[in-house]
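Architecture and fold: a report
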Amino acid sequence: MPGEKASAAGEALLRRLQRLVARAATAKGGDRKQLLGLLDDVDTTRRGLLRERAEIEGEMKQATVRATAIGAYLRGSQVQRGKRQN
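Now for a look at the structure at hand. (Residues numbered from 1 in each chain as written. Predicted model: local features only at pLDDT ≥ 70, side-chain atom pairs only at ≥ 80, totals over all residues. Heavy atoms only, no water.)

Before going further, it helps to spend a moment on the overall build of the chain. The number of helices and strands found in the chain is two helices and zero strands. For the chain, the computed accessible surface area is about 7200 Å², with 58% contributed by carbon and sulfur atoms. (Helix = DSSP H or I, 4+ residues; strand = E, 2+ residues; numbered from the N terminus. Areas by Shrake-Rupley, 256 points an atom, 1.4 Å probe, with all protein chains shown as cover.)

Rendered as structure tokens:
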């Protein structure tokens with residue numbers, strides 16, 4: 001399922017971000033190369049998390065549309081049977 005893949009990828013990105021935060025805590029302020037590398041890694045991880053967020057947001061919108069369509073179908077079928085609508 002796409003949702004499970006997104007969840008696994010998101011979890012991996014969050015674990016990576018936690019490792020980067022730990023690395024940043026031990027980084028020396030004078031080591032410019034290490035700090036630039038950390039910044040690049042954090043930015044790459046951030047962009048990955050933003051992609052995952054957008055994918056999950058799209059899945060949520062799709063689920064909402066499906067739920068609305070199912071509700072409309074249910075109401076329509078009840079009207080055809082002569083049942084009262086709530």
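With that out of the way, let us pick up the pattern of salt bridges. Across all of its chains, the model carries five salt bridges by this definition. With a closest N to O distance of 3.8 Å, Arg-16 and Asp-41 form a salt bridge. Of this pair, Arg-16 sits in helix α1 (residues 2-26) while Asp-41 sits in helix α2 (residues 32-80), and the two are 25 residues apart along the sequence. A relative accessible area of 32% means that Arg-16 is categorised as partly exposed. (Salt bridge = Lys/Arg side-chain N within 4 Å of Asp/Glu carboxyl O. Buried < 20%, exposed > 50% of the residue type's maximum accessible area, 1.4 Å probe, protein only.)

Assignment of secondary structure puts Gln-18 in helix α1. A relative accessible area of 57% means that Gln-18 is categorised as exposed.

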